[in-house]
Amino acid sequence: MPTPRDRQARTATFVVYAVQGLSFITLLAQVANLQTKHRLDEGALTILLLIVPVFAGLGSVGAGWFASRRGSKPLLRLAQPVVAVAVVLIALAPTVPLLVLALLLFGLGLGAVDAGINMQGVAVERRYGRAVLNGFHCMWSVFSTAGALWASAAAELPLLVTMTVPMVVAVAGSLYAGPLLCTVEEEKVEESAATAAGGFPWKPIIPLCLAMAFLYVGDASVSNFSTVYMQQVLAATPAVVPLAYAAYQATTLLIRLGGDVAVRKYGPAAIVRIGGAIATLGFLGIVLAPSQPLAILAFGLTGVGLSVIAPQSFSAAGRLDPAGTGVAIARVNMFNYVGFIVGAALVGGIASASDMQVAFAAPLVLSAVIIVLARGFEPRRVKEAA
């Protein structure tokens, strides 16, 4: 039975997920405006944007090292305001070299916070004794959507104002939630003999890392190329072009609302297996779509399938690390950036060599592999696996 302290930590964790969703979309929504401000061509913009996932991977690794010693609470209290400050610095940067430094800071902070919030989410889930992680990811999606709506409503305001206002909210949320998060003692619920001896079951974590990477190959393909697909392949009008990505985000949010209930009823492996199958069907629909409505439906299906995989990857990683060191979660988190980089390069490369419709066959195949990897989402405890 959750205690009042457990409920307090859960509320704080909802807030830090919300702050992260708001911070990330505040930058993402302004990429085109930053490109215009700094007069960047497509190649230069791509290189600059790669700074974020590359340094986010480094931030995630550093977060694992830090959290294993001090816990994820002090990590988040430091790193989350840094992310918000970095967003403002990106808006302020008058030259490309200063923009690069701000993006570097943002990437490092993003990776550390992504790892830290999921360490907190797993700690709360462990204390509750039931699946709750989908709800946290749902909050991320809700505030990501809210941030996008703000960017649209504030489109006529100066870039600095548009990017700073959400970050004021983000810092306030982070300062509120920070003291209420799980402490290092609350994260380290138990300690197995294997972990106490310095051992760690790296082999069982491989399916989780691969599934996370393959998920983000799919996510990157939709995020980066859904609008290009609608415009080039199906000749959609400007009003219709964004609907594919909107369908993807809408179904992601909808499924995460009920994801925890489904996991409690059917188990994480079954949910990931079903998710992989639905995502595969969605990407197959994208490859074969003969019309705009069917393509939009197919993009929505990919959101249904992919939405459940990240929360269950972190949850399963947490079960492999009952001592609550956070190392497993940080390692799994790093593969979301690997997948994003590979996805952008893979789909973009295939599209250049053939066409955009064929390019979506790559995430189709990798989504199908997730079905096979699903059994790794019910890993044995560390003491059993060692």
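As the structure is a computational prediction, the values presented were derived from the model and not from experiment. (Residues numbered from 1 in each chain as written. Predicted model: local features only at pLDDT ≥ 70, side-chain atom pairs only at ≥ 80, totals over all residues. Heavy atoms only, no water.)

Asker: Account for the overall build of the protein chain, with residues named and values stated.
Answerer: For the protein chain, the helix and strand inventory stands at 18 helices and 0 strands. In summary, the protein chain has a C-alpha radius of gyration of 20 Å against a globular reference of 21 Å for 386 residues, a match within 12%. Expressed as a percentage of contacts within the protein chain between residues at least 6 apart in sequence, the contacts between residues at least 24 apart total 85%. Entry remark: accessible area of the protein chain is about 15800 Å², with carbon and sulfur atoms responsible for 70%. Measuring between centres, the 24 positive side-chain charges of the protein chain sit 6 Å from its 17 negative side-chain charges. (Helix = DSSP H or I, 4+ residues; strand = E, 2+ residues; numbered from the N terminus. Rg over C-alpha atoms; globule rule 2.2 N^0.38 Å. Contact = heavy atoms within 4.5 Å. Areas by Shrake-Rupley, 256 points an atom, 1.4 Å probe, with all protein chains shown as cover. Lys, Arg positive; Asp, Glu negative; His and termini not counted. Charge placed at Lys NZ, Arg CZ, Asp CG, Glu CD.)

Asker: Now, about the side chain of Ser23: what can you tell me, with residues and values included?
Answerer: Examined against the element boundaries, Ser23 turns out to sit in helix 1 (residues 4–28). Under the relative-accessibility criterion, Ser23 is labelled buried at 1%. Not counting the four nearest positions on each side in its chain, Ser23 is found in contact with Val83, Val87, Phe106, Met167 and Ala170. (Buried < 20%, exposed > 50% of the residue type's maximum accessible area, 1.4 Å probe, protein only.)

Asker: Break down the packing of aromatic side chains for me, with residues and values.
Answerer: Each pair of aromatic rings is reported with the distance of its centres and the angle of its planes. According to the stated counting rule, one finds 8 aromatic pairs in the structure shown. Centroid distance Phe14 to Phe136: 4.8 Å. Interplanar angle 65 degrees. Geometry classified as edge-to-face. In this pair, Phe14 sits in helix 1 while Phe136 sits in helix 6 (residues 133–153), placing the two residues 122 residues apart along the sequence. Judged by its relative accessible area of 22%, Phe14 falls in the partly exposed class. An aromatic cluster is built from Tyr229, Phe283, Phe299 and Phe360, whose rings are joined through pairwise contacts. (Phe/Tyr/Trp six-rings, centres within 6.5 Å; stacked < 30°, edge-to-face > 60°.)

Asker: Please set out the side chain of Gln120 residue by residue, giving values where relevant.
Answerer: Relative to the helices and strands, Gln120 is located in helix 5 (residues 96–128). You can call Gln120 buried: its relative accessible area is 0%. At a separation of 2.8 Å, a polar atom in the side chain of Gln120 contacts the side chain of Ser72. Beyond its immediate stretch of four places on either side in the chain, Gln120 contacts Thr13, Ser72, Lys73, Leu76, Leu181, Cys182 and Glu187. (Polar contact = N/O pair within 3.5 Å; in protein donor to acceptor, adjacent residues only side chain to side chain.)

Asker: A description of the pattern of salt bridges should follow, citing residues and the corresponding values.
Answerer: Taken as a whole and judged by the stated rule, the model has 2 salt bridges. A salt bridge links Glu186 to Arg5; its shortest N-O distance comes to 2.9 Å. You can see Glu186 sitting in helix 8 (residues 184–187) and its partner Arg5 sitting in helix 1, a full 181 residues away along the chain. On the basis of relative accessibility, which here comes to 14%, the residue Glu186 falls in the buried class. The salt bridge partner of Asp6 is Arg127, with a shortest N-O separation of 2.7 Å. Of this pair, Asp6 sits in helix 1 while Arg127 sits in helix 5; the two residues are 121 residues apart in sequence, bridging distant segments of the chain. (Salt bridge = Lys/Arg side-chain N within 4 Å of Asp/Glu carboxyl O.)

Asker: Any details on a nonpolar patch on the surface? Residues and values, ideally.
Answerer: A cluster of nonpolar side chains, Val85, Leu89, Leu92, Leu105 and Leu160, forms an exposed patch at the surface whose accessible area comes to about 380 Å². Of the residues forming the nonpolar patch, the biggest block, 3 residues, is contributed by helix 4 (residues 72–92). By the secondary structure assignment, Leu160 is in helix 7 (residues 159–177). (Patch = residues over 30% accessible without salt bridge, like charges linked within 9 Å, V, L, I, M, F, W, Y side chains within 5 Å.)

Asker: Now, about unusual backbone geometry: what can you tell me, with residues and values included?
Answerer: Excluding glycine, a negative phi dihedral is what most residues carry, and trans is how most peptide bonds are arranged. With a phi close to 55 degrees, Arg39 is a non-glycine residue in the positive phi region. You can see Arg39 is positioned in the loop between helix 2 (31–38) and helix 3 (42–70). A positive phi angle, close to 50 degrees, is found at Ala235, a residue other than glycine. Position of Ala235 among the secondary structure elements: in the loop between helix 10 (202–232) and helix 11 (243–266).

Asker: Report on the confidence of the model for the protein chain, specifying residues and quantitative values.
Answerer: The predicted model of the protein chain has a mean per-residue pLDDT of 88, with 94% of residues at 70 or higher. Note that residues 192–198 has pLDDT below 50 and, in this model, 10 contacts with residues that lie over four places away or in other chains. (pLDDT = per-residue confidence, 0-100.)

Asker: Can you explain the nonpolar core? Please cite residues and give values.
Answerer: Grouped together as the largest cluster of nonpolar side chains are 111 residues, with contacts concentrated most on Ile90, Phe106, Tyr229, Met230, Ile309 and Phe360. Here this core gets 14 residues from one element, more than from any other, and that element is helix 5. Leaving out residues up to four positions away in the same chain, Phe360 has contacts with Ser221, Val222, Phe225, Ser226, Tyr229, Phe283, Ile286, Val287 and Phe299. (Core = buried A, V, L, I, M, F, W, Y, C linked by side-chain atoms within 4.5 Å.)

Asker: Kindly report on the environment of Gly276, identifying the contributing residues and their values.
Answerer: Topologically, Gly276 is positioned in helix 12 (residues 268–288). Judged by relative accessible area, Gly276 falls into the buried class, the value being 0%. A sequence separation of 64 residues divides Gly276 from Met212, and the C-alpha atoms of the two residues are 12 Å apart. Discounting chain neighbours no more than four positions away, the residues touching Gly276 are Gly305, Ser367, Ile370 and Ile371.

Asker: Pulling in residues and values, what's your account of the environment of Arg7?
Answerer: Mapped onto the fold, Arg7 is located in helix 1. Given a relative accessible area of 41%, Arg7 falls into the partly exposed group. When the C-alpha positions of Arg7 and Arg127 are compared, they lie 9.8 Å apart, and in sequence the two are 120 residues distant. If we ignore the near neighbours within four places in the chain, the residues touching Arg7 are Pro2 and Tyr128.

Asker: Report on the packing of helix 14 (residues 309–319) against helix 15 (residues 327–353), specifying residues and quantitative values.
Answerer: In contact at an axis separation of 8 Å, helix 14 and helix 15 are set at 150 degrees when each is read in the N-to-C sense. Considering the angle they form, helix 14 stands roughly antiparallel to helix 15. Where helix 14 crosses over helix 15, the handedness of that crossing is right-handed. Within the contact between the two elements, helix 14 uses Ser313, Phe314, Ala317 and Gly318 and helix 15 uses Ala328, Ile329, Val332 and Asn333. In the contact of helix 14 with helix 15, the residues fall into 5 nonpolar, 3 polar and no charged. (Axes fitted to C-alpha atoms, helices over the stretch in contact; angles between N-to-C directions. Parallel < 35°, antiparallel > 145°, perpendicular 65-115°, else oblique. Left-handed = near helix turned anticlockwise from the far one by under 90°. Nonpolar A, V, L, I, M, F, W, Y, C, P; charged D, E, K, R; others polar.)

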